[in-house]
Amino acid sequence: MIQKRVLLLATLFAACGAWAQHHESFLDPQTRPDGTKWIPEPPSVTGGDFANDFYFYQWGMTQREGTTGELALWDESARLCDVFSESMGITLSKGPEGTPEILKLAETAVADAHAANTRVKEYYRRKRPFATFNQPSLKPEEDDRMATTLSYPSGHSSRGWMFALVLSTVAPERTEALMERARIFALNRVVCGHHWKSDIDASLMLVAGIFANVVVTEAYQTQLQKARAEYLEKKRSAQPSR
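Computed from a prediction, not measured in an experiment: that's the story for all the values here.

## Overview of the overall build of the chain
Helix and strand counts for the chain come out as 11 helices and 0 strands. Counting from the amino terminus, the chain carries its helices and strands in the arrangement α-α-α-α-α-α-α-α-α-α-α. Classification of the 242 residues of the chain by burial places 50% in the buried group. Split by element, the accessible area of the chain, about 12600 Å² in all, is 56% carbon and sulfur.

## Structural notes on the packing of aromatic side chains
Following the criterion strictly, the structure yields 13 aromatic pairs and no others. Between the aromatic rings of Phe-84 and Phe-185, the centroid separation amounts to 6.4 Å while the plane-to-plane angle is 55 degrees, which identifies the pairing as tilted. Note that Phe-84 is positioned in helix 4 (residues 80-88) and Phe-185 in helix 9 (residues 175-192), a separation of 101 residues in sequence. With a relative accessible area of 0%, Phe-84 lands in the buried category. Aromatic side chains Phe-211 and Tyr-220 sit 6.4 Å apart centroid to centroid with 85 degrees between the ring planes, which places their arrangement in the edge-to-face category. Exposure class is identical for Phe-211 and Tyr-220. Each is buried. Linked through ring pairs, Phe-50, Phe-54, Tyr-57, Phe-133 and Trp-196 together constitute an aromatic cluster.

## Some thoughts on the confidence of the model for the chain
Here the chain shows a mean pLDDT of 91. Residues at 70 or above account for 89%. Predicted confidence for residues 1-21 stays below pLDDT 50, and this span has 17 contacts to residues more than four positions away or in other chains.

## Description of the nonpolar core
Grouped together as the largest cluster of nonpolar side chains are 50 residues, with contacts concentrated most on Phe-84, Met-88, Leu-92, Met-162, Phe-163 and Tyr-220. For this core, the secondary-structure elements that each account for two or more residues are helix 4, helix 5 (100-124), helix 8 (155-170), helix 9, helix 10 (197-214) and helix 11 (218-238). With 10 residues, helix 5 is the largest single contributor of residues to this core. Apart from residues lying up to four places away in sequence, Met-162 is in contact with Ala-109, Val-110, Ala-113, Val-207, Ile-210 and Phe-211.

What counts as what
- Residues numbered from 1 in each chain as written.
- Predicted model: local features only at pLDDT ≥ 70, side-chain atom pairs only at ≥ 80, totals over all residues.
- Heavy atoms only, no water.
- Helix = DSSP H or I, 4+ residues; strand = E, 2+ residues; numbered from the N terminus.
- Buried < 20%, exposed > 50% of the residue type's maximum accessible area, 1.4 Å probe, protein only.
- Areas by Shrake-Rupley, 256 points an atom, 1.4 Å probe, with all protein chains shown as cover.
- Phe/Tyr/Trp six-rings, centres within 6.5 Å; stacked < 30°, edge-to-face > 60°.
- pLDDT = per-residue confidence, 0-100.
- Contact = heavy atoms within 4.5 Å.
- Core = buried A, V, L, I, M, F, W, Y, C linked by side-chain atoms within 4.5 Å.

Written out as structure tokens, the structure is:
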């Protein structure tokens, strides 16, 4: 048991370290709010409030066939820039001809969401749905690995919510489409069997607090101006010439 716990901690910290090596953040550990102070304890499988989680787990299993299941699998490993390009109305990509300023803004904020989410996950250490019921997920080849990782809140969902919120500050007129895509992205974690409904609800609650602190930083506002200018230029260049 101790060896398994050490291995799990090593895996989580390695993942955080790998992310940190590629992405800066707007907040540091001292200024980033501690989500464990406002994210409630997840529902217990023996408690009455678990009924909603159980309902959505069963619902998710009914959604695995057809286009919903296909999208859930795609969302599992897709890049966030690809997930949100259609909702943003432009193609999000890196490189000088892409949208580097927009992605720098979004990915830096996502790094804060990721760090905050990992802290809460370690605090509550909740087991994933498919592992709880000893049933295959939508991606059974990953089940052995995924069963050693934690569920609450959903890391995928936290990153998706943050990405959509940031893009909404760049393109406010795209907010409805962006947030709807983030909602679907989060629910697809339930379809996969990798997260409980309360996991994705907690991720939105967590990101709301983190984003409120990120968006007021001077660094965010400075980068937002660059991202907004890039977005407007991409929109102008996409308009047909007369």
